[in-house]
Amino acid sequence: MIIVIDGLSGSGKSSTAKAVAERLGIQYLDSGALYRAATYLWLAADQHKEKFFEILSSKDIEFEYNDNRFVVYLDGEDVSIEIRKQQISEHVSKVAAMPEVRQFVNKLMRQAVKSGHFIADGRDLGSAVFPDADLKFFMEASIDARAKRRHAELAGEGETVSLDEVKENLKARDSVDKARKVDPLVKPKDAYVIDTTTKSFDEQVMEISSVITERLLTNKNQ
Ligand code: DC
């Protein structure tokens, strides 16, 4: 079973998806983390395309969801903290717009969900990666609400970035994600849309969990 949550950067997709996975006892897959890991390699390759593709194809990329943490390993090294840094956020949309990178990440994800029950979050999962997903959600929130949340998150991780910088980065990522030629961010027609601007975290987790339970888990048990 694959449930997907797509939406704008900072709309709360990953924290919500994780909490839902925890409540329902299913696996969580963070597609953004895989694009971030690719970006880590992009920077390691000094932003040199040829060198980057060489590194990308030779690296052993593994990931797992354990104890409420989505962990990414590159040749056995845990890069989960590094890939959340602002420097990665500044380059990730560009890397994620490369068709070769999208193909690479999509293949990793399709392979991973072959066995087990998953909830995954991203930008194009319901539209391009898993068009036949069992259930699709789309999360949105105002730019101010998203910037505030992301700023608090970064501050909690010890990064000193201003609220304005975070807001500008979110806006820039929104426009690149929506405008890119390959698999842009779109709202799938068959997605359940949830606007989290004025919702508390618990409310959004409850709403999504209830929809899943009503629409999927109940049907499966009948
Ligand atoms: O969810 P996130 O902010 O960690 O994602 C990082 C970047 O990866 C985001 O700016 C857009 C890109 N991304 C994407 O293009 N497609 C996805 N399915 C997930 C993320």
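Being a predicted model, the structure only gives us computed values, none of them experimental. (Residues numbered from 1 in each chain as written. Predicted model: local features only at pLDDT ≥ 70, side-chain atom pairs only at ≥ 80, totals over all residues. Heavy atoms only, no water.)

A few words now on the overall build of the chain. Counting secondary structure elements, the chain contains nine helices and eight strands. The C-alpha radius of gyration of the chain comes to 17 Å, within 12% of the 17 Å expected for a compact globule of 222 residues. The principal-axis extents of the C-alpha atoms in the chain amount to approximately 55 × 40 × 35 Å. Considering the chain as a whole, with its 222 residues, one finds that 47% of them fall into the buried category. Counting only contacts in the chain whose residues sit at least 6 apart along the sequence, the fraction spanning at least 24 positions is 75%. For the chain, the computed accessible surface area is about 10,900 Å², with 48% contributed by carbon and sulfur atoms. Put simply, the chain has 32 plus and 37 minus side-chain charges, and the middle of one group is 4 Å from the middle of the other. (Helix = DSSP H or I, 4+ residues; strand = E, 2+ residues; numbered from the N terminus. Rg over C-alpha atoms; globule rule 2.2 N^0.38 Å. Buried < 20%, exposed > 50% of the residue type's maximum accessible area, 1.4 Å probe, protein only. Contact = heavy atoms within 4.5 Å. Areas by Shrake-Rupley, 256 points an atom, 1.4 Å probe, with all protein chains shown as cover. Lys, Arg positive; Asp, Glu negative; His and termini not counted. Charge placed at Lys NZ, Arg CZ, Asp CG, Glu CD.)

Right, let's get into the packing of aromatic side chains. One pass over the full model with this rule turns up six aromatic pairs. With a centroid separation of 5.8 Å and 75 degrees between ring planes, the pair formed by Tyr28 and Phe70 is classed as edge-to-face. Of this pair, Tyr28 sits in strand β2 (residues 27-30) while Phe70 sits in strand β4 (residues 69-74), placing them 42 residues apart in sequence. Look at Phe52 and Phe53: their rings are 5.2 Å apart centre to centre, the planes differ by 45 degrees, and that puts the pair in the tilted class. Looking at Phe52, the relative accessible area reads 0%, which means it is buried. When its relative accessible area of 25% is taken as the criterion, Phe53 is described as partly exposed. Taken together, the ring pairs connect Tyr28, Phe63, Tyr65 and Phe70 into an aromatic cluster. (Phe/Tyr/Trp six-rings, centres within 6.5 Å; stacked < 30°, edge-to-face > 60°.)

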